[in-house]
Amino acid sequence: MKKTSTTVAQSDQVVKDPVQLVFTYPKVPLTVDCVIFGFEENKLKVLLIKSDLEIFKGQYSLLGDIVQDNEDLNEAAYRVLKQRTGMSDVFLEQVKVFGTPGRHPGGRVVTIAYCSLLNINHHELKIHDNDLDWYSVNAIKEMAFDHKQIVDECHAWLQKRIQEHPLGFNLLPEKFSLRELQNLYEAISGVSLDRRNFRKKFASMDLLIDINEMEQDVPHRPGKLYKFNFEKYAKSKRKWVGIDF
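Residues numbered from 1 in each chain as written. Predicted model: local features only at pLDDT ≥ 70, side-chain atom pairs only at ≥ 80, totals over all residues. Heavy atoms only, no water.

A.B. asks: So what exactly am I meant to see when it comes to the packing of aromatic side chains here?
C.D. replies: Between two aromatic rings, the relevant description is the distance of the centres plus the angle of the planes. In this structure the tally under the stated criterion is ten aromatic pairs. Plain terms: the ring middles of Phe 169 and Phe 228 are 4.0 Å apart, the flat faces sit at 25° to each other, and that makes the pair stacked. With a gap of 59 residues between them, Phe 169 in the loop between α3 (147–164) and α4 (178–189) and Phe 228 in strand β9 (residues 224–228) connect regions that are remote in the sequence. Of the two residues, Phe 169 and Phe 228, both sit in the buried class. A network of ring pairs unites the aromatic residues Phe 169, Phe 176, Tyr 185, Phe 198, Phe 202, Phe 228, Phe 230 and Tyr 233 as a single cluster. (Phe/Tyr/Trp six-rings, centres within 6.5 Å; stacked < 30°, edge-to-face > 60°. Helix = DSSP H or I, 4+ residues; strand = E, 2+ residues; numbered from the N terminus. Buried < 20%, exposed > 50% of the residue type's maximum accessible area, 1.4 Å probe, protein only.)

A.B. asks: In this structure, what is going on with the nonpolar core? I would like to understand it.
C.D. replies: Across soluble globular proteins, you tend to see nonpolar side chains buried next to one another. Ranked by internal contacts, the top residues of the largest apolar core, which has 39 residues, are Phe 37, Phe 169, Leu 181, Tyr 185 and Leu 208. For this core, the elements supplying multiple residues, two or more each, are β1 (30–40), β2 (43–50), β6 (110–119), α3, α4, α5 (195–205) and β9. Ranked by residues supplied to this core, first place goes to α4 with six residues. Counting 21 residues, the second largest nonpolar core, distinct from the first, contains Leu 47, Val 90, Leu 92 and Ile 112. (Core = buried A, V, L, I, M, F, W, Y, C linked by side-chain atoms within 4.5 Å.)

A.B. asks: What is the right way to read a positive patch on the surface from this model?
C.D. replies: Together, Arg 179, Arg 195, Arg 196 and Arg 221 make up a region of like positive charge exposed at the surface. Mapped onto the elements of the fold, Arg 195 is located in helix α5. (Patch = residues over 30% accessible without salt bridge, like charges linked within 9 Å, V, L, I, M, F, W, Y side chains within 5 Å. Areas by Shrake-Rupley, 256 points an atom, 1.4 Å probe, with all protein chains shown as cover. Salt bridge = Lys/Arg side-chain N within 4 Å of Asp/Glu carboxyl O. Lys, Arg positive; Asp, Glu negative; His and termini not counted. Charge placed at Lys NZ, Arg CZ, Asp CG, Glu CD.)

A.B. asks: Would you mind showing me how to read the pattern of salt bridges here?
C.D. replies: Where charged atoms from two side chains of opposite charge come close, those side chains can pair. The final tally for this structure, using the stated rule, is 14 salt bridges. Across the salt bridge formed by Asp 210 and Lys 224, the nearest N and O atoms sit 3.2 Å from each other. Taken as a pair, Asp 210 in strand β8 (residues 208–214) and Lys 224 in strand β9 lie far apart in primary sequence, 14 residues in all. Take Asp 210: its relative accessible area is 32%, and that puts it in the partly exposed class. The exposure class assigned to Lys 224 is partly exposed, which follows from its relative accessible area of 42%. Of the charged contacts in the structure, one is a salt bridge between Glu 231 and Lys 235, with a shortest N-O distance of 3.7 Å. Highlighted residues: Glu 231 and Lys 235, both in helix α6 (residues 230–236), separated by four residues, approximately one helical turn. Taken as a pair, Glu 231 and Lys 235 share a single burial class, namely exposed. Bridged by salt links that share partners, the residues Asp 65, Glu 71 and Arg 79 form one connected network.

A.B. asks: Any chance you could explain the pairing of β6 here in plain terms?
C.D. replies: Along any regular strand the residues' side chains alternate between the sheet's two faces. Burial analysis of β6 places ten of its ten residues in the buried class, the great majority of the element. Burial of β6 is two-sided: the residues Val 110, Ile 112, Tyr 114, Ser 116 and Leu 118 facing one way and the residues Thr 111, Ala 113, Cys 115, Leu 117 and Asn 119 facing the other way are all buried. As defined by bridge partners, β1 adjoins β6 across ten bridges and the pair is classed as parallel. When the bridges of β6 are listed, Ile 36 appears paired with Ser 116. Of the strand pairs in this sheet, strand β5 (residues 93–98) and β6 are connected by five bridges, and their pairing is antiparallel. Across the sheet, residue Lys 96 finds its bridge partner in β6, namely Ala 113. (Pairing = 2+ DSSP bridges.)

A.B. asks: Mind showing me how you'd approach the environment of His 165 here?
C.D. replies: Within the fold, His 165 resides in the loop between α3 and α4. A relative accessible area of 29% means that His 165 is categorised as partly exposed. At a separation of 2.6 Å, a polar atom in the side chain of His 165 contacts the side chain of Arg 161. (Polar contact = N/O pair within 3.5 Å; in protein donor to acceptor, adjacent residues only side chain to side chain.)

A.B. asks: Got a minute to help me understand unusual backbone geometry in this structure?
C.D. replies: Apart from glycine, the bulk of residues carry a negative phi angle, and the bulk of peptide bonds sit in the trans form. Of note in the backbone geometry, Glu 41 takes a positive phi value of approximately 50° without being a glycine. The class for Glu 41 is exposed, based on a relative accessible area of 63%. Not every positive phi belongs to a glycine, and Asn 130 is a case in point at roughly 55°. Relative to the assigned elements, Asn 130 resides in the loop between β6 and β7 (133–136).

Given below as structure tokens:
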């Protein structure tokens, strides 16, 4: 019996015009949103602006804008921060993409969240349009769009980050007390920490320098002042296992 075989010829389709290819893609706007956390008066705050959309009248939102066709994502985030606040000396880190279809009332919009943590007293807001100001994270109950979710997820990212890296020390004075240090970690973590365990943990890391000075003009019993040993940390950061309270 003679066997027959059917050969299906397949031709590879080569795309010659990438511009035309992209033209066929769905048009989904891409934006960036800046979540700028600040530490002041033992409180964790976030920089917010009043929404200019009527549907969100009276609600606050993050600082954001469309990514221009000729912009890198990072460039767009720094542009937004500069245009809205006047600040240009802030380091931003990309955290997460948010793209739930219904997150914007006008249609499908994908946004990329950038985050930063700074000392409010060291960074002056040069623009205050639309009630731009610092607001306590704990006091935020509702926001425009899905920005409350973005703030919450960036806050969770920050809580993890500050345990993995000693970036919180940049928010403190050059000379600080253990009370100030604990207040900082409690403000960011959102939980009360046992005083004895907290001090024992930092003592075991051996990264604090006792400068043999005491606090002055404080309404409580003066405590010792310390400096963070950034040089020692830089040499040992590969062995850094984080801060687990």
